[in-house]
Amino acid sequence: MSVPRLVATDLDGTLLDDEGILSERSQDVLRRVQELGVRVVIVTARPLRWMDELWARVGGGRGVGIVSNGAITYDIGSREVLDHHGIPPEVGLPMVEAIREAAPGTAIALECLGGFRHEPAYVDMHPTPPDMRVGDLAEIWDEPAVKVLAQHLTLDPTDFRARAIDAVGEVATPTWTTDRLMEISAVGVTKGGALAALCERLGVGADEVVAFGDMPNDVPMLTWAGSSYAVANAHESVLAAADHVAPRNTEDGVAVTLAGLYGL
């Protein structure tokens, strides 16, 4: 493979350390890679609302990012949503009923372009956003959800995942990054699909892309890219899917690998 024209990397557990911090070393390598004319695209499960402080560090305040597991493609410089795909309520509400039948006690939250909202039973593990709405699901689901979060705090996580995936079926695309929480996107929406669409727009082929990840939601991106790396701390399914293994996220694995690829 020739030197990649585009670098696609996950954030949490991959580029960031276990405290969610981007090291000075990683920032320096990303900056130097971009100075070579290489595009760096962040492809993350994080919602758009979590990214304001990070854009400047990982992309120099420019370029394009992919968030919400591929549901949103975002122009960092202009702060413009270039593309987005969501689950409308007429599809999502029956889907949620099916999940609750399979896993009673499931609580739901919605990531929407218009803000974050959730049912009263959903336990938000992160700081409360200023635009959050809490209420009955049928009332707060008033626009397509770029990500549906299904939470179950008592079922065994593996059992919950299996029940939720079976209940969703072909209606949407379920994945996960943490225990007790399923992340559900519109049908066909994955990190890999969004990256492929972006690269087509940019005129970059899959064989010109190197990708990095650590969790199952990264697998579609890793298998699409011409060259792929799982960080050493990755989930076993990701280690099996990737072409290569990079050092751990706590060892600046992405930066170390990029420095080698580009002779930095």
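Residues numbered from 1 in each chain as written. Predicted model: local features only at pLDDT ≥ 70, side-chain atom pairs only at ≥ 80, totals over all residues. Heavy atoms only, no water.

Undergrad: Give me the sheet that holds strand 8 (residues 133-134): which residues, what numbers.
TA: Read from one edge to the other, the open sheet built from six strands follows the order 8-7-6-9-11-10, with strand pairing classed as mixed. The sheet terminates laterally at strand 8 and strand 10 (172-178), the two strands that pair on one side only. Relative to strand 11 (residues 181-186), strand 10 runs antiparallel, the two being bridged by five bridges. Along strand 11, the bridge assignment pairs Thr173 with Ser185. On the sheet, helix 4 (residues 89-102) packs against strand 6 (107-112), strand 9 (145-151), strand 10 and strand 11 and is oriented at approximately 150° with respect to strand 6. Along the sheet face, helix 6 (residues 157-168) touches strand 9, strand 10 and strand 11 and points at about 20° away from the line of strand 11. (Pairing = 2+ DSSP bridges. Helix = DSSP H or I, 4+ residues; strand = E, 2+ residues; numbered from the N terminus. Contact = heavy atoms within 4.5 Å. Axes fitted to C-alpha atoms, helices over the stretch in contact; angles between N-to-C directions.)

Undergrad: Kindly report on the packing of helix 4 against helix 6, identifying the contributing residues and their values.
TA: Put simply, helix 4 and helix 6 touch, their axes get as near as 8 Å, and they point 140° apart. By crossing handedness, the relation of helix 4 to helix 6 is classed as right-handed. Side by side, helix 4 and helix 6 meet where Met95, Ala98, Ile99 and Ala102 of the first sit next to Arg163, Ala167 and Val168 of the second. Residues that form the contact of helix 4 with helix 6 fall into these classes: six nonpolar, no polar and one charged. (Left-handed = near helix turned anticlockwise from the far one by under 90°. Nonpolar A, V, L, I, M, F, W, Y, C, P; charged D, E, K, R; others polar.)

Undergrad: So what about the sheet that holds strand 3 (residues 64-67)? Which residues, and what values?
TA: Sheet strands line up and pair through hydrogen bonds in the backbone, either parallel or antiparallel. What the eight strands build is an open sheet, ordered 5-4-3-2-1-12-13-14; its pairing is mixed. Edge positions in the sheet fall to strand 5 (80-84) and strand 14 (244-246), since each has one partner strand and no second. Strand after strand, the sheet turns through a mean of 25° between neighbouring axes, direction not considered. With four bridges joining them, strand 3 and strand 4 (residues 72-75) adopt antiparallel strand pairing. When the bridges of strand 4 are listed, Val67 appears paired with Ile72.

Undergrad: Residue-level account of helix 4, with values.
TA: Between the first and last C-alpha of helix 4 there are 20 Å, a value that for 14 residues agrees with the 20 Å anticipated at 1.5 Å per step. For helix 4, the complete set of buried residues consists of Pro89, Gly92, Met95, Val96 and Ile99. Take helix 4 and look down its axis: the buried residues cluster within an arc of 130°, on one side only. Exposed residues lying more than 90 degrees from the buried face of helix 4 are Glu90, Glu97 and Glu101. Buried-residue contacts for helix 4 involve strand 6, helix 5 (137-140), strand 9, helix 6, strand 10 and strand 11. (Expected span 1.5 Å × (residues − 1). Buried < 20%, exposed > 50% of the residue type's maximum accessible area, 1.4 Å probe, protein only. Arc of directions from axis to C-beta.)

Undergrad: Lay out the side chain of Glu111 with the relevant residues and their values.
TA: Along the chain, Glu111 turns up in strand 6. The class of Glu111 is buried, set by a relative accessible area of 5%. Only 2.6 Å separates the side chain of Glu111 from the side chain of Arg49, close enough to count as a polar contact. The residues contacting Glu111, other than those within four sequence positions of it, are Pro47, Arg49, Phe116, Ala145, Val146 and Lys147. (Polar contact = N/O pair within 3.5 Å; in protein donor to acceptor, adjacent residues only side chain to side chain.)

Undergrad: Can you lay out the nonpolar core for me, pointing to particular residues and giving the numbers?
TA: Counting residues in each nonpolar core, the largest one holds 75 residues, and the members touching the most others are Val7, Val58, Leu110, Val148, Ile184 and Leu258. If sequence neighbours within four positions are ignored, Val148 has contacts with Ile87, Met95, Ile108, Ala109, Leu110, Trp141, Met182, Glu183 and Ile184. Counting residues in hydrophobic clusters, the runner-up holds six residues, among them Ala107, Tyr122, Leu149 and Leu181. (Core = buried A, V, L, I, M, F, W, Y, C linked by side-chain atoms within 4.5 Å.)

Undergrad: How would you sum up helix 2 (residues 24-35)? Please name residues and give values.
TA: Relative to the 16 Å expected for 12 residues at 1.5 Å per residue, helix 2 spans 17 Å between its end C-alpha atoms, a close match to the ideal helical length. When helix 2 is considered as a whole, its buried residues turn out to be Ser26, Val29, Leu30, Val33 and Gln34. Buried positions in helix 2, seen along its axis, are confined to an arc of 135° and lie on one side of it. Those residues of helix 2 that are exposed and aimed more than 90 degrees away from the buried face are Glu24 and Glu35.

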